[in-house]
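Below, each chain spelled out in residue letters.
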Amino acid sequence: MKISNIDVYQVDLPYAGDVYHLSGGRSFKTFDATLVCVRCDSGLEGWGESTPFGSTYVAAHGEGVRAGIQLIAPHLIGQDPRCFDRNYDLMDACLAGHPHVKAALDVACWDVAAKSFGVPVCDLLGGRTDTVLSLISSISCDSPEAMRDRVKEFRAKGYIGHSIKIGASENEGGPLLDAQRIAACVADRQPGEYFLADANGGLSVEHALRMLRLLPNDIDIVLEAPCATWHETARLRSLVNVPIHIDELAVSDHSVAHLLVDNIADGFGLKISKNGGLSQARRQRDIAQAAGLVMSVQDTVGSEVAFAAVVHLAQSIHPKWLRCVLDTRELVDLCTGELSGVKVGRFDTLFGAQAVSVPGLGVSPNMDVLGQPVLSFS
Ligand SMILES: [Mg+2]
């Protein structure tokens, strides 16, 4: 089976609320999505997606994804999509770094490969667990009471995990406001719930120390991505005993190894496009499971294809090491296709997501939404 055509589509995904706010005054109203279709001489096709969270979240942006694909895609024509690691070598030989670019092509290859074997992608990744995957909410920076209300809304839907965004500037309220945000979100905690306080790299060590001292005693949270650099995160780690996850700093096999060598965190955000696609995420999953690190399986943002890849990867992770998955579709207001490969809802008493046993990722994009390809290779 050889790759015969690659088509690339661009879609703007509007944010599902008014404006999404992150630390550092960053705000987002729409996300520039790239969807890729890899077609093979067998007639099968596979889909991948890469939707950066704007241009200030990590070193990636939508136009860059498509410019990178333009460099790489011609070299994948004629290759067997099932040779994931060799195709990745080819991509690396064309373009250094740029995991967001390679992810869309790589995920499309996993989708078409799984279809060729007649199995869901989670089975090709090693086999499914029977876990109901816990979905996590994403609570944009706001007033403490507004954030508490958003947590209540997600709790009413069945969510037990909550990602609370923090990182107020000194003018906005600084460490005191962040501590109040966390305390408000955790105030109505129900049995089994967990909370990640995510600063998206926006805190200085001083800010984080002041904030942690203002929190109620014995509050049970994980501090995610407190600082922008390794050095600051390592220094904070040496000064506090709160569990820490990194996210934006973990973008490659190398950074997961670095995390372990420096003992900088207890877990990390495994976001499929940020971390280079399923071939790379699979390896980082295995390193994490061997080393005892917890993973939040997510994507930076994205529509149906991105979410399907998240669920199929998470379904292949032992539940002991899986913190949560993010339904990226919660963040956007546009459906790009039919998703038969994932079920979201109640499973007995548990609410969450599970991969469904259909071949591939189980996504059929809506061509009326995608329109004409912006790039084509054959
Ligand atoms: Mg994060």
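Reference entry: report on the structure contained in this document. (Residues numbered from 1 in each chain as written. Predicted model: local features only at pLDDT ≥ 70, side-chain atom pairs only at ≥ 80, totals over all residues. Heavy atoms only, no water.)

Describing the overall build of the protein
Assigned secondary structure in the protein consists of 12 helices and 18 strands. For 378 residues, the compact-globule formula gives about 21 Å, and the C-alpha radius of gyration of the protein, at 20 Å, lands near that figure. A principal-axis box enclosing the C-alpha atoms of the protein has dimensions of 60 × 45 × 40 Å. Buried positions account for 58% of the 378 residues belonging to the protein. When contacts within the protein are restricted to residue pairs at least 6 apart in sequence, those whose partners lie at least 24 apart make up 72%. For the protein, the computed accessible surface area is about 14400 Å², with 50% contributed by carbon and sulfur atoms. Positive and negative side-chain charges in the protein, numbering 32 and 45 respectively, have mean positions lying 3 Å apart. (Helix = DSSP H or I, 4+ residues; strand = E, 2+ residues; numbered from the N terminus. Rg over C-alpha atoms; globule rule 2.2 N^0.38 Å. Buried < 20%, exposed > 50% of the residue type's maximum accessible area, 1.4 Å probe, protein only. Contact = heavy atoms within 4.5 Å. Areas by Shrake-Rupley, 256 points an atom, 1.4 Å probe, with all protein chains shown as cover. Lys, Arg positive; Asp, Glu negative; His and termini not counted. Charge placed at Lys NZ, Arg CZ, Asp CG, Glu CD.)

Description of the sheet that holds strand β12 (residues 294-298)
Strand order in the open sheet made by the 8 strands is β6-β7-β8-β9-β10-β11-β12-β13, with parallel pairing throughout. Both edges of this open sheet fall to β6 (136-139) and β13 (322-325), since each of them pairs with a single strand only. Looking at each pair of strands side by side, their axes are set apart by 25° on average, direction ignored. Pairing analysis gives 2 bridges linking strand β9 (residues 222-224) to strand β10 (residues 244-246), with the strands arranged parallel. Within β10, the position partnered with Leu223 by the bridge is Ile244. (Pairing = 2+ DSSP bridges. Axes fitted to C-alpha atoms, helices over the stretch in contact; angles between N-to-C directions.)

Quick word on the packing of aromatic side chains
Counting across every chain of the model gives 10 aromatic pairs. Ring pairing ties together the aromatic residues Tyr15, Tyr20, Phe28, Phe31, Phe53 and Tyr57, which thus form one cluster. Above the plane of the ring of Tyr194 lies Arg323, whose end atom (NZ or CZ) is 4.5 Å from the centre. For the cation-ring pair, Lys343 lies above Phe347, with the distance from its terminal atom to the ring centre recorded as 4.4 Å. (Phe/Tyr/Trp six-rings, centres within 6.5 Å; stacked < 30°, edge-to-face > 60°. Lys NZ or Arg CZ within 6 Å of the ring centre and 35° of its normal.)

A few points about the environment of Glu304
Here Glu304 shows up in helix α11 (residues 304-314). For Glu304, a relative accessible area of 5% translates into the label buried. Sequence separation between Glu304 and Gly337 is 33 residues; the distance between their C-alpha atoms is 6.3 Å. Residues contacting Glu304, with those up to four places away along its chain left out, are Glu49, Arg329, Leu334, Cys335, Thr336, Gly337, Leu339 and Val363.

Some points on the pairing of strand β7 (residues 161-165)
In terms of burial, β7 is largely enclosed, as 5 of its 5 residues are buried. Along β7, one buried face is formed by Gly161, Ser163 and Lys165 and the opposite face, lined by His162 and Ile164, is buried too. Both β6 and β7 contribute to a ladder of 4 bridges, which runs parallel. By the bridge assignment for β7, Ile139 is matched with Ile164. Handedness of the β6-helix α5 (residues 144-157)-β7 crossover: right-handed. (Right-handed = clockwise from strand over helix to strand, strands pointing away.)

Describing the pattern of salt bridges
Taken as a whole and assessed by the stated rule, the structure comprises 24 salt bridges. Note that Arg148 and Asp188 form a salt bridge whose closest N and O atoms lie 2.8 Å from each other. Placement of Arg148 in helix α5 and of Asp188 in the loop between α6 (174-186) and β8 (194-198) is noted, with a sequence separation of 40 residues between them. Exposure remark for Arg148: the relative accessible area of 22% places this residue in the partly exposed category. When the shortest N-O distance is used, the salt bridge between Glu206 and Arg210 registers 3.6 Å. Linking Glu206 with Arg210, this pair stays in helix α7 (residues 205-214), spanning 4 residues, or about one helical turn. On the accessibility criterion, Arg210 (35% relative accessible area) is partly exposed. Linked through salt bridges whose partners overlap, the residues forming this network are Asp7, Arg39 and Glu45. (Salt bridge = Lys/Arg side-chain N within 4 Å of Asp/Glu carboxyl O.)

A few points about the sheet that holds strand β4 (residues 30-40)
Strand-to-strand pairing in sheets goes through backbone hydrogen bonds, with the strands running parallel or antiparallel. If you walk across this open sheet you meet the 4 strands as β5-β4-β1-β18, and the pairing is antiparallel. Of all the strands in the sheet, the pair left with one neighbour each is β5 (45-50) and β18 (375-377). The mean angle between the axes of side-by-side strands here comes to 20°, regardless of whether they run parallel or antiparallel. Contacting β1 (3-14), β4 and β5, helix α3 (residues 99-117) crosses the sheet at an angle of about 155° to β5.

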